[in-house]
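Below, each chain spelled out in residue letters.
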Amino acid sequence: MSEVAAPQAADNRLPGWTLEMPRTQLGADVNAPNPTGLAERIEEKELSNRSFLEQGIHMVTASQARLITASVSAGIFLVLYLVFVVCEGIYGYSGPDMKTAWYIDGVDTPSLSRKGAITMATEREIPIKEGYPVDMAKLFRTWFLWGFWGSIMQMLIVCVFVPLFIMHRQGLRVKSIVFISVQGVQCCSTVMWFILGFFWRFSRGGRVVSGEVLEKSSGDTDEEWKVQLENAAKSDGYQFYAGSFMSVYLWLIITILFIGLCAFGSYGAKLWLDEQRRKDEEELPEDEVERRPLYEGDETERLDSEEVKD
């Protein structure tokens, strides 16, 4: 006997269309693997009750790609930071430039002695303003030493408070207040250090003693110009090395700050857009049914499906 095929239920779905349940209804299903991002929201709520350090650690270790990226970036930053700290100490205590570079406003040449600077201004009939002459070499060394010891203090703050927050969770509020106070003072010192360094280096006096106003004669070769600069540094006290290092260091800090602001701005915009999208999804009516065409862009098949509907 021939087998009789079992009757099949009629498929009343329109061709080319699929019926999808809205996300809000899927979220109501307790057996769903992750209803409406519930697990993520629970995790976000738990993280909001933790310290900023723990939130940052969680964000970095959330995936292997993030961990690798953060480790490489932190390693590069640490190496560069230590190099600049060492250079600050070298230039602050025993740099390659002369120890003095006296400058008077209006005179485009520094002098190794205060008396020499005054004599130079008098011979050129340039009035000496109050507060001049100024030893720009001393100001540069002061800036380097300020940055050196400020960096040492910053490393001590990190080495003391990070293990303290991780290993001892008692008295978190008190430790947070102490850390914010100490770090706040350090941040104010760093901001003042940067502003004064930028002013000292790119003021008229800073540019003069750094050799930016010197011009090479058209008939001089590179070797002759190099010898002239070396002689000028020894006889007049030009701060070629310290001025160049300060310029590179300051512009590098400005570049890093600009890139950081752009990155944080982009990340903040992404978080805001994700939050708006999540709110829009939560506000969808529960009885809304989404119908999406399976073959978008095929005009002929779309018209056929509409004729079947009619």
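See above for the structure.
The shown structure was predicted, so the numbers you read here are calculated from the model rather than taken from an experiment.

Engineer: Explanation requested: the packing of aromatic side chains in the structure shown.
Structural biologist: Each pair of aromatic rings is reported with the distance of its centres and the angle of its planes. This model, assessed by the stated rule, comprises 20 aromatic pairs. Aromatic pair Phe-148 and Trp-149: ring centres 5.1 Å apart, planes at 75°, arrangement edge-to-face. Here Trp-149 falls in the partly exposed class, since its relative accessible area comes to 46%. Aromatic side chains Tyr-238 and Phe-240 sit 5.3 Å apart centroid to centroid with 5° between the ring planes, which places their arrangement in the stacked category. Neither Tyr-238 nor Phe-240 differs from the other in exposure class; each is buried. Three or more aromatic residues joined by ring pairs make a cluster, and in this case those are Phe-84, Tyr-91, Trp-143, Phe-144, Trp-193, Phe-245 and Tyr-249. Cation over ring: Arg-201 sits above Phe-202, and NZ or CZ is 5.1 Å from the ring centre.

Engineer: Help me out: how do you make sense of helix α6 (residues 136–167) in this one?
Structural biologist: Each α-helix turn comprises 3.6 residues. Residues three or four places apart therefore point the same way. Over its 32 residues, α6 runs 47 Å from end to end, which matches the ideal 46 Å to within 8%, given 1.5 Å per residue. The distance from a side-chain oxygen at the start of α6 to the backbone nitrogen of Ala-137 is 3.3 Å, and the residue carrying that oxygen is Asp-135.

Engineer: Before we go on, may I ask you to explain unusual backbone geometry in this structure?
Structural biologist: With the exception of glycine, the majority of residues adopt a negative phi angle, and the majority of peptide bonds are in the trans configuration. Residue Pro-133 is reached from Tyr-132 by a cis peptide bond, and omega for that bond is 0°. On the secondary structure map, Pro-133 appears in the loop between α5 (114–123) and β3 (134–135). Phi angles above zero are rare outside glycine, and Glu-125 is one such case at about 55°. Within the secondary structure, Glu-125 is located in the loop between α5 and β3.

Engineer: Would you explain α5 in this entry?
Structural biologist: Taken residue by residue, α5 has Ala-117, Met-120 and Ala-121 as its buried positions. Viewed end-on, α5 has its buried residues packed into an arc of 95°, placing them on one side of the element. In α5, the exposed positions angled more than 90 degrees off the buried face are occupied by Lys-115, Thr-122 and Glu-123. Those residues of α5 hidden inside the fold are in contact with β2 (102–103).

Engineer: Looking at this structure, I do not really get a nonpolar patch on the surface. What am I missing?
Structural biologist: Judged by side-chain polarity, Ile-68, Val-72, Ile-76 and Leu-80 come together as a nonpolar surface patch covering roughly 370 Å² of accessible area. Within the fold, Val-72 resides in helix α4 (residues 64–94). In this structure Val-72 comes out as partly exposed when scored by relative accessible area, which is 47%.

Engineer: Is there a simple way to think about the pattern of salt bridges in this case?
Structural biologist: On inspection of all chains with the given rule, the structure shows 4 salt bridges. Among the ionic pairs, Lys-129 bridges to Asp-105, the shortest N-O distance being 2.8 Å. Here Lys-129 is found in the loop between α5 and β3, whereas its partner Asp-105 is found in the loop between β2 and α5, with 24 residues between them in sequence. The class for Lys-129 is partly exposed, based on a relative accessible area of 49%. Between Asp-222 and Lys-216 there is a salt bridge; the shortest N-O distance is 2.5 Å.

Engineer: Teacher, can you tell me more about the state of the cysteines here?
Structural biologist: Here a disulfide denotes one covalent bond, and it connects the sulfur atoms of two cysteines. Considering all chains together, one arrives at 0 disulfides under this definition. Note on Cys-188: no disulfide assigned, nearest cysteine sulfur contributed by Cys-187 at a separation of 7.0 Å.

Engineer: What is the right way to look at the side chain of Asp-97 in this model?
Structural biologist: Residue placement: Asp-97 occurs in the loop between α4 and β2. Among the polar contacts made by the side chain of Asp-97, one reaches the main-chain amide nitrogen of Tyr-241 at a distance of 3.3 Å. Residues in contact with Asp-97, not counting those within four places in the same chain, are Tyr-238, Gln-239, Phe-240, Tyr-241 and Ala-242.

Engineer: Explain the packing of α6 against helix α7 (residues 172–202) to me, please; I cannot follow it from the model alone.
Structural biologist: Packed helix pairs are characterised by how far apart their axes lie and by the angle those axes make with each other. Relative to each other, α6 and α7 sit at 160°, their axes nearing to 10 Å. By the criterion of interaxial angle, the relationship of α6 to α7 is roughly antiparallel. Note on packing geometry: the crossing formed by α6 with α7 is left-handed. Looking at the contact of α6 with α7, its residues break down into 18 nonpolar, 8 polar and 2 charged.

Engineer: Which parts of the structure should I look at to understand the nonpolar core?
Structural biologist: Side chains of a nonpolar character, in soluble globular proteins, are inclined to be buried together. Counting 20 residues, the largest nonpolar core has Phe-140, Trp-143, Phe-144, Trp-193, Val-209, Phe-245 and Tyr-249 as the members making the most contacts within it. Contributing elements (two or more residues each) for this core: α4, α6, α7, α8 (204–209) and α10 (240–282). With 6 residues, the top contributor of residues to this core is α10. In contact with Phe-140, not counting residues within four places along its chain, are Trp-200, Arg-201, Gly-206, Val-209, Ser-210, Gln-239, Ala-242, Gly-243 and Met-246.

Procedures and definitions
For every chain, the first residue of its written sequence is number 1, and the numbers climb from 1 along that sequence. Reporting of local features is limited, given that this is a predicted model, to residues whose pLDDT is at least 70; pairs of side-chain atoms are given and counted only at 80 or more, and all residues count toward the totals for whole chains, interfaces and linings. Side-chain measures here rest on the full set of heavy atoms in the structure, leaving out hydrogens and waters. Working definition: rings of Phe, Tyr and Trp (its six-membered ring) pair if their centres are within 6.5 Å, and the pair is stacked with planes under 30 degrees apart, edge-to-face with planes over 60 apart, and tilted otherwise. Accessible area is worked out with a 1.4 Å probe on protein chains only. A residue is then buried under 20% of its type maximum, exposed over 50%, and partly exposed in between. Counting as a charge over the ring demands two things of the Lys NZ or Arg CZ atom: a distance within 6 Å of the ring centre and an angle within 35 degrees of the ring normal. Put simply, DSSP H or I for four residues or longer makes a helix, DSSP E for two residues or longer makes a strand, and each gets a number counted from the N terminus. To estimate the expected span of a helix, count its residues, drop one, and scale the result by 1.5 Å. Polar contacts, as used here, are pairs of N or O atoms within 3.5 Å; protein pairs need one atom able to donate a hydrogen and one able to accept it. Residues neighboring in sequence count only if both atoms are side-chain atoms. It is the directions from the helix axis to the C-beta atoms that the arc portrays. What makes two residues a contact is simply this: any of their non-hydrogen atoms within 4.5 Å. Only residues whose relative accessible area exceeds 30% and that form no salt bridge enter a patch; like-charged residues are grouped when within 9 Å of one another, and nonpolar side chains (Val, Leu, Ile, Met, Phe, Trp, Tyr) when within 5 Å. Shrake-Rupley sampling with a 1.4 Å probe provides the accessible areas, and residues are treated as covered by the protein chains on show and by no other component. Within this document, salt bridges are pairs made up of a side-chain nitrogen of Lys or Arg and a carboxyl oxygen of Asp or Glu, the two lying within 4 Å of each other. The term disulfide is used for any two cysteine sulfur atoms that are within 2.5 Å. Note on geometry: axes are lines fitted to C-alpha atoms, helical ones only across the stretch in contact, with angles between N-to-C directions running from 0 to 180 degrees. These descriptions rest on fixed angle ranges, namely under 35 degrees for roughly parallel, over 145 for roughly antiparallel, 65 to 115 for roughly perpendicular, and the rest for oblique. Here is the rule for handedness: rotate from the far helix to the near one, and if that takes an anticlockwise turn smaller than a right angle the crossing is left-handed, while a clockwise turn gives right-handed. Three categories are distinguished: nonpolar for Ala, Val, Leu, Ile, Met, Phe, Trp, Tyr, Cys and Pro, charged for Asp, Glu, Lys and Arg, and polar for the others, with Gly belonging to the last. As used here, the term nonpolar core means buried Ala, Val, Leu, Ile, Met, Phe, Trp, Tyr and Cys residues forming a set that is joined through side-chain atoms within 4.5 Å.

Without other data, these values stay purely geometric and don't point to any function.
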